[in-house]
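A look at the structure
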Amino acid sequence: TRSGERAHALLIGPPGSGKTEIMRAIGGLTDSIGISVKGSDFQTCWMGEAMKNPGRLFSKAVELHHKTGKRVHVLIDEIDQVLMEPETEQRSSGTNLVYEFLQLLDGVVDYPGVTLWGATNHPERLSTRVMRRFQFVEIVGELTVKDRAELLRRFCEALPVESDIDTWEKAAALIDGAVGDAVRKVAESLWRERMGAFVRRDREAAEKIAKTLVNEKGETTHHGDMNRGGRRALAASLREHFSISEAELLEHVRTVALSPSVRQEIDHAVETYASARRYLDLMRAV
């Protein structure tokens, strides 16, 4: 975008859907600088000072833009905690930041090269007048069955799973509605269970394989940090000692999907996405 163009963005999705990772990636672009702030950063014990902090933040961001020539992204996770409209009787309390941000997002004062990125699990906490200030509003991290199947396959790539495309789609169907974080938990649970059994059964072989994972600094490389070739090589080494059949994989996924923590995360994700779509439809109709 052009340096003076307003292009504020709001990301909506449940916990574990990747909102924070997207903002980190935006702030880490080579032609950008990210400034991460949270609601408590704006608060102060001095009456009226809190309302000046959003303007101070944007002014510093502009200084940084002029100094570096890079676009500056102000990143606020759980932005509903900052821009949630207060109750009518509290609007004169001196700590209402909504009005200050509305002026900043409207461009009442020009802040060239500065963009606000917000993330929320609760878009319904943001009023119509707040939502209208975001030029881009996106629901993120909602996965199809094929998306979950591919993600689960990648997370399990370092394990010797006897599978094909249909296997992963069958597994993905058992965790319908899961976001990336829940898919990762399923894979990590499988890793812990099978590797734990392998170590208990054949510690010597397990230690020999573990030594191949130690880098030059003497640190053990986590399977999730390996490149694709490394994960496949590890799976090949493990396959000499055990393998995981399709039936075993599906049974494990089914069991983990029924555990209270994962089931709650999936149900919450489904409801959050449904609620977000309903709310955005109402906003567009206004």
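For the structure given in this document, a descriptive report is provided here.

Scoring rules and cut-offs
- Residues numbered from 1 in each chain as written.
- Predicted model: local features only at pLDDT ≥ 70, side-chain atom pairs only at ≥ 80, totals over all residues.
- Heavy atoms only, no water.
- Salt bridge = Lys/Arg side-chain N within 4 Å of Asp/Glu carboxyl O.
- Helix = DSSP H or I, 4+ residues; strand = E, 2+ residues; numbered from the N terminus.
- Buried < 20%, exposed > 50% of the residue type's maximum accessible area, 1.4 Å probe, protein only.
- Axes fitted to C-alpha atoms, helices over the stretch in contact; angles between N-to-C directions.
- Parallel < 35°, antiparallel > 145°, perpendicular 65-115°, else oblique.
- Left-handed = near helix turned anticlockwise from the far one by under 90°.
- Contact = heavy atoms within 4.5 Å.
- Nonpolar A, V, L, I, M, F, W, Y, C, P; charged D, E, K, R; others polar.
- Phe/Tyr/Trp six-rings, centres within 6.5 Å; stacked < 30°, edge-to-face > 60°.

Some thoughts on the pattern of salt bridges
Enumeration over the complete set of coordinates arrives at 20 salt bridges. Ionic pairing is found between D80 and R125, a salt bridge with its closest N-O pair at 3.0 Å. Pair noted here: D80 is in helix α3 (residues 80–83) and R125 is in the loop between β4 (114–120) and α5 (128–131), with a separation of 45 residues, a long-range link. Between R148 and D176 there is a salt bridge; the shortest N-O distance is 2.9 Å. Of this pair, R148 sits in helix α6 (residues 145–155) while D176 sits in the loop between α7 (165–173) and α8 (180–201), placing them 28 residues apart in sequence. Judged by its relative accessible area of 1%, R148 falls in the buried class. What emerges from the salt-bridge pattern is a single network uniting E150, R153, R154, E157, R228, R231 and R232.

Concerning the packing of α6 against α7
Working note: a packed helix pair is described by the angle between its axes plus the distance between those axes. Two elements in contact, α6 and α7, have axes separated by 8 Å at closest approach and are oriented at 110°. Of the possible angle classes, the one that applies to α6 and α7 is roughly perpendicular. Of the two possible hands of crossing, α6 and α7 adopt the one that is right-handed. Contacts between α6 and α7 involve V145, K146, R148, A149, L152 and R153 on the former and, on the latter, W168, E169, A171 and A172. A breakdown of the residues in the contact of α6 with α7 according to their chemical character gives six nonpolar, no polar and four charged.

Regarding the packing of aromatic side chains
Following the criterion strictly, the structure yields three aromatic pairs and no others. Seen in terms of ring centroids, F58 and F101 are 6.4 Å apart; in terms of plane orientation they differ by 80°. Their pairing is edge-to-face. You can see F58 sitting in helix α2 (residues 53–68) and its partner F101 sitting in helix α4 (residues 98–106), a full 43 residues away along the chain. Accessibility classification places F58 together with F101 in one group, the buried group. Considering the side-chain rings of F58 and Y111, the 5.4 Å spacing of their centres and the 75° angle between planes classify their relative orientation as edge-to-face. Taken together, the residues F58 in helix α2 and Y111 in the loop between α4 and β4 connect sequence positions 53 residues apart. Note on F58: relative accessible area 1%, which makes it buried. Taken together, the ring pairs in this structure connect F58, F101 and Y111 into an aromatic cluster.

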